[in-house]
Structures are given as structure tokens and as C-alpha cells.
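Coordinates in review
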Amino acid sequence: MSARLTKFFASRWGIIFAGAVIGVLAPLLQKLGNPPNMGICVACFERDIAGALGLHRAAAVQYIRPEIVGFVLGVMLAAYAFREFRARAGSAPIVRFVLGMFAMIGALAFLGCPWRAILRLAGGDLNAILGLAGLAVGITIGVQFLKAGYNLGRAQKTYTAVGWIMPLLMVGLFLLLLLAPTFSKEGPIFFSKTGPGSLHAPVFFALGVGLLVGVLAQRTRFCTMGAIRDVILMRETHLLSGVAALLAVAFVMNLALGQARFGLVGQPVAHSSFLWNFLGMALSGLAFTLAGGCPGRQLFLSGEGDGDAAVFVTGMIVGAGFSHNFALAGSPDAIVDGVAKTGGLTPYGMGAVILGLAACLLVGFTMRETAPKEV
Amino acid sequence: METVDARGLSCPQPVILARKAIDAGQFPIEVLVESVTSRENVRRMAEKAGCKVAVAEMGDEFKLTLSK
């Protein structure tokens, strides 16, 4: 039974099944309370967690998202059930931290990670096309580095307890959500009263979805960045068929639930500043490729014992703090005094995206096995 | 016998290294990997490239033998 399941999930129908299930569940999460076109968004949800902890003070985006907790714990359950939990760490952690930070800064410039880019498109937000194009360009640049010998080095096997750190942190976050303590006067834990952070599906439903997606992702290796990377690198469409299933099923679900609205301007939690939608996701795509996985995949890896992926996740959460504290995140299109106002980036945000691209290029150029070694 | 030691490397590195060995054409090729993900990815790529793949489990590592 276990071998047959493993074989199914490793097959093309397995990954299509996983993508389709996510395509059903994400719009359903939105229907049950999550923000528009944000049934699941790994970057946004980690940003909300950063806000809840007070790592940034953007009052509209503060909530401990149980989906993220579920992702990590679901993966851990599946990894143990199938004897695939492997504690490992030590492959350039500081580089992964920095890549995680810039991946988040890029994602928040666009206002979503690849998962949300797909869900935005499935909801009719055509800005997502620019984002996905940027993502593909960023991944293409990353693939050139991979072909040229870019490599962050080997991870080492380590103590099982190392692999438990991220799952235990997630249990801690979930307890903070349930207990909702206030640590100081007007201090965290913060929960948004208005804005996207105040919109959420019932806690245990969201946790359940997270657990289920975690299990499926662990069995199938679902990855939104890998989907595009594998096509560019080796003409392999295995992972892409999962992402395509997600897009198609989420689109049908959105139509059925009345959640689709086509257009460019005034889309929910989105801006129509085309260039920065494109460049923000290009930065994210490059950072994900250099780190070996999309934000979802990094969470999944951190649940099956990968300490380096856990460092990337931590980098993303810290990056979200910087992003909002330093006004780097994109602001959505809005209607001010009855006039439509296009959102976008502050000059600081633009500078941060450029800086991020430069930093990622530097990582790609300098961390190659073929590069001359310094004595 | 060509040996590719991809233990400790995360994807897609094992696949890239195995692909290079296949292109070099020194069969049989032994590929050592640590995770089931790498095992499946290398197996999928090698089979697509027309290789026969035999997998041996060694503790918590895997040895894939690729032959034409």
C-alpha cells in the first residue's frame, strides 16, 4: 500500500492530483474568509506572522496564519510516516538567509509569492501575468548560474533534534494564535482589526488545509519555482503539470464561487505598476532558484529536517519585517476621494529591489565551483 | 565505472551532475544520493535519457546505477 502510494505520488498523475487539490482548497479558503485572491500565499502569510509577532507594525497585515503551521507539520507527519525525515544542515546558511530576505522583499513588491501569482491569475487579476513573466525571467537567470556551476555546497547529516526546530517553532506559533497573549502594553501578539490581516478562514479549517497540503507536497515535491526551472533546465514538465492543474482548477473554482473578476486596475491587494510587478517577481524567482525552492517548498523542506531551508524561511520572515518597516512593500491600487490611484513602490522599495537583484547576481557569480579559489 | 557523489547536495544539483555524467557517456554510472527526492529526480531524468536505472538502498542513502 505504502509503495503503491509512493509510486502514484511520484507519477505525473500524482503531481496533477496535488495541484488540483490545492486548486480546490485555496479558493475555498478565500470563500471561508481569507483575503481576496489570497486563499494561500506563502510570502503574504509569513509576512502576516512577522506582523503578529511585532517584527513590523503594518497594522493591516498581522495574523498568525495556521496554514503555514499546517504546511510544516503536515510535511513532518508524512516524512515520518514514509521514513523520509532526514535532519541535515550546514549548506551556506547565511547565504540562504540573505536569499530568503530578498526573496520576500521581491515578493512583497509584487504583493504575492508564486503561489499567489497563480491564484491572482486564477481570480482574473491580469497583473499576475507580468509577475509570472518576471518570475520566469528571474528563474532563467538562476538556471544560467546553475549551468555554470553555481552551488551552495553540501549539507551534512546532523542530530534529529535540529530537524525538529522549525516544526516546534510552528507549534509555538500555533499556541500563540490560540492563547493570543499580550506581552506588553500595546505590544504583540498583534491581530489586525481591518485589512487583509483581519480576513481569515476558521482557524482549524485553515490548519487542516495546511496539514493536507503539507502531506501532499511532501509526497509529490510540489514546487512552483521548480516547475519553471525544470522546463528551462531540462525540458522536464513533471512539476509544471502540477502548477498547471492548480491554475486550471482554481480558475474553475473561482468562477463557480463567483470570485473571478477580470482586469488590471483596482484588483484586490494588488497594484498595476507593471515594471515593479515584473522586477519584484524577477528578484524572487532568482532568489528562489539560487536557494533551490519556492517559498512553499522551503517550508516543506524545513518540515522534513532541512535546517538550511529553515534558515531561508527565517530570512523571509525577517525580510518581511524590513519590507514593511522600511516602506519597501508595494502599496495596492486604491480609490482616494473617488479617484482611482495606481499603487506601487516607494523609491526605497525600488532601490531595495535593485539592491536585491545585485546581491543575488553577486551570489550567483561568486559561488561557483569553477570559480578560482582564494588562498 | 563513473561515480557521481551527490550526497548532501540539494536539487537540482544531483540531476545536473548525473546529466553531465550521462553526456560524458562512461557507463555504467553510479550516482549516490541522500534523499528520496533526489533519487526520484535522478531516476526520472535518467530514464528519460534512455538509461536503465537500478536502485539500491544503503542505510539512509541510495545508490543508483545507470546503464545503457
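Read on for an overview of the structure. Going along each chain's sequence as written, the residues are numbered from 1 onward. To label them, take the chains in the order written and letter them from A, then take the ligands in the order written and number them from 1. For a predicted model such as this one, the threshold for reporting local features is a pLDDT of at least 70, and the threshold for listing and counting side-chain atom pairs is 80 or more; totals across whole chains, interfaces and linings nevertheless cover every residue. To obtain the side-chain values, all non-hydrogen atoms of the structure were included, while hydrogens and water were left out.

1. Digging into the state of the cysteines
In what follows, a disulfide is any cysteine sulfur pair within 2.5 Å. Tallied over the entire structure, the rule returns 1 disulfide over all chains. A disulfide bridge connects C41 of chain A with C44 of chain A, and the sulfur atoms are separated by 2.2 Å. Across the S-S bond linking C41 of chain A and C44 of chain A, the dihedral sits near 65°, which makes this disulfide right-handed. Note on accessibility: C41 of chain A and C44 of chain A belong to one class, buried. Looking at the unpaired C11 of chain B, the closest cysteine sulfur is the one in C223 of chain A, lying at 10 Å. Relative accessibility thresholds used throughout: buried, under 20% of the residue-type maximum; exposed, over 50%; partly exposed, between the two (1.4 Å probe, protein chains only). The exposure class assigned to C11 of chain B is buried, which follows from its relative accessible area of 14%.

2. Observations concerning the pattern of salt bridges
A side-chain nitrogen of Lys or Arg and a carboxyl oxygen of Asp or Glu constitute a salt bridge if their distance falls within 4 Å. Following the criterion strictly, the structure yields 18 salt bridges over all chains and no others. A salt bridge links E304 of chain A to R88 of chain A, with the shortest nitrogen-to-oxygen separation between them at 3.8 Å. Pair noted here: E304 of chain A is in the loop between helix 13 (295-303) and helix 14 (307-325) and R88 of chain A is in strand 1 (residues 88-89), with a separation of 216 residues, a long-range link. A salt bridge links R19 of chain B to D23 of chain B; its shortest N-O distance comes to 3.3 Å. Pair noted here: R19 of chain B and D23 of chain B are both in helix 1 (residues 13-24), with a separation of 4 residues, about one helical turn. Look at R19 of chain B and you get partly exposed, because its relative accessible area is 34%. Where helices and strands are cited, they refer to DSSP runs of H or I of at least four residues and of E of at least two residues respectively, numbered from the N terminus.

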